[in-house]
Amino acid sequence: VSCQSAYAKPISFAKGSTVMLEYGGGTMVEAQAFYAPKYWWSAGVGAIEFNLADANTRERITYVRFNGLAKRWNLPAAQANIFIWGGVGQARSNAFPGSETAWNYGAQIDYETRRIYGALRTDWQDADSFKHHSNTLQLGIAPYEHDYDTLATWVVLQARTNDRALYDGHQRPHQRGPH
């Protein structure tokens, strides 16, 4: 059994590609592309841009990253996985001159059937001038039971916590004062 979700998994299948785009409500935008030579690892590139809660600071990080499958459970009608990743790149910002080396690392645990998907992910962006951390919970349902060798469509609800530098607790991070 091999259930895959291109929306949220850093590794698809052997000789498979994954492209992920995410817009974080004005606080961040991220694009990633990975290729998996084997089912248990992939490598690729990513770029993420943060608009910090102070409304004045923007940070852009470009990186190369390795993703590894740390553990997989193949169940009769489902699959669960633990993924880990790490990468290095360059950070630029209007808050510091030039560029800095930036590290990206994290982990994800997920569970998927052909109709239900759930994942918990932690992700870090780390440089000399900043360290950003986010935790993401995703719960998804497929409107139809998909086959393994076809396109899978998902409706996914997502909740995320970010460090306060990225998000100050307001829905619109550039506003100040009580809401």
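The structure this text deals with has already been given above.
Just so it is clear, the model here is predicted, and its values are computed rather than measured.

*Asks:* What is the right way to look at the overall build of the protein chain in this model?
*Replies:* Each helix and strand in the protein chain was counted, giving 0 helices and 9 strands. For the protein chain, the N- to C-terminal ordering of α and β elements is β-β-β-β-β-β-β-β-β. Each of the 179 residues in the protein chain was classed as buried or not, and the buried ones make up 45%. Taking all contacts inside the protein chain whose residues are at least 6 apart in sequence as the whole, residues at least 24 apart take part in 46%. Carbon and sulfur atoms make up 61% of the accessible area of the protein chain, which totals about 9700 Å².

*Asks:* Can you walk me through a nonpolar patch on the surface in this structure?
*Replies:* Together, I109, L120, L137, L139 and L157 give the surface a local cluster of nonpolar side chains, amounting to about 490 Å² of exposed area. Checked against the element boundaries, I109 lands in strand β6 (residues 96–112). Taking the relative accessible area as the measure of exposure, I109 reaches 42% and is therefore partly exposed.

*Asks:* What should I look at first to understand the side chain of E30 in this one?
*Replies:* Here E30 shows up in strand β2 (residues 28–38). The buried charged residue E30 lacks any salt bridge, with R65 as its nearest oppositely charged partner at 5.1 Å. Within polar-contact distance, the side chain of E30 engages the side chain of Q32 at 3.1 Å. Those residues in contact with E30 that sit more than four places away from it in its chain are M20, L21, E22, A47, I48 and Y63.

*Asks:* Looking at this structure, how should I read the nonpolar core?
*Replies:* Note on soluble globular proteins: their nonpolar side chains tend to be buried together. Counting residues in each nonpolar core, the largest one holds 11 residues, listed as M28, I48, F50, L52, I61, Y63, A91, F96, A102, A127 and F130. Sorting the residues of this core by element identifies β3 (41–51), β4 (58–75) and β6 as the ones contributing at least two each. Ranked by size, the runner-up nonpolar core spans 5 residues in total, among them I11, L69, F83 and W85.

*Asks:* How should the pattern of salt bridges be read in this particular structure?
*Replies:* Opposite charge on two side chains allows them to pair when their charged atoms are near. Taken as a whole and assessed by the stated rule, the structure comprises 7 salt bridges. Among the salt bridges present, the one from R114 reaches D147, with a minimum N-O distance of 3.3 Å. Of this pair, R114 sits in the loop between β6 and β7 (116–126) while D147 sits in the loop between β8 (131–141) and β9 (155–162), and the two are 33 residues apart along the sequence. Two residues, D126 and K131, come together in a salt bridge whose shortest N-O distance is 3.7 Å. Salt bridges sharing partners connect three or more residues here, namely E22, R121 and R160.

*Asks:* Honestly, unusual backbone geometry in this entry has me stumped. Any pointers?
*Replies:* Trans peptide bonds make up most of the peptide bonds, and negative phi angles are found at most residues other than glycine. Its identity as a non-glycine residue notwithstanding, K15 has a phi of 65°, on the positive side. When you line up the elements, K15 lands in the segment before β1 (16–23).

*Asks:* Just to check I follow, could you spell out the sheet that holds β4 for this structure?
*Replies:* Sheet strands pair via backbone hydrogen bonds, and the direction of the pair is either parallel or antiparallel. Taken in spatial order, the 9 strands make up an open sheet running β1-β2-β3-β4-β5-β6-β7-β8-β9, and their pairing is antiparallel. Unpaired on one side and paired on the other, β1 and β9 mark the two borders of the sheet. Across the sheet, the mean angle from the axis of one strand to that of its neighbour is 15°, orientation sign disregarded. Pairing of β8 with β9 involves 8 bridges; the strand directions are antiparallel. Bridging from a neighbouring strand, I141 pairs with V155 of β9.

*Asks:* Can you help me understand the environment of F50 in this one?
*Replies:* The topology assignment puts F50 in strand β3. Looking at F50, the relative accessible area reads 5%, which means it is buried.

*Asks:* Honestly, the packing of aromatic side chains in this entry has me stumped. Any pointers?
*Replies:* The geometry of two aromatic rings is summed up by the distance between their centres and the angle between their planes. Enumeration according to the criterion identifies 4 aromatic pairs in this entry. Here the aromatic rings of Y105 and W124 are separated by 6.2 Å at their centres, their planes lie at 15°, and the arrangement is stacked. Of this pair, Y105 sits in strand β6 while W124 is found in strand β7, placing the two residues 19 residues apart along the sequence. Residue Y105 is classed as partly exposed on the basis of its relative accessible area, which comes to 29%. One aromatic cluster in this structure is built from W40, W41 and F66.

Parameters and conventions
- Residues numbered from 1 in each chain as written.
- Predicted model: local features only at pLDDT ≥ 70, side-chain atom pairs only at ≥ 80, totals over all residues.
- Heavy atoms only, no water.
- Helix = DSSP H or I, 4+ residues; strand = E, 2+ residues; numbered from the N terminus.
- Buried < 20%, exposed > 50% of the residue type's maximum accessible area, 1.4 Å probe, protein only.
- Contact = heavy atoms within 4.5 Å.
- Areas by Shrake-Rupley, 256 points an atom, 1.4 Å probe, with all protein chains shown as cover.
- Patch = residues over 30% accessible without salt bridge, like charges linked within 9 Å, V, L, I, M, F, W, Y side chains within 5 Å.
- Salt bridge = Lys/Arg side-chain N within 4 Å of Asp/Glu carboxyl O.
- Lys, Arg positive; Asp, Glu negative; His and termini not counted.
- Polar contact = N/O pair within 3.5 Å; in protein donor to acceptor, adjacent residues only side chain to side chain.
- Core = buried A, V, L, I, M, F, W, Y, C linked by side-chain atoms within 4.5 Å.
- Pairing = 2+ DSSP bridges.
- Axes fitted to C-alpha atoms, helices over the stretch in contact; angles between N-to-C directions.
- Phe/Tyr/Trp six-rings, centres within 6.5 Å; stacked < 30°, edge-to-face > 60°.

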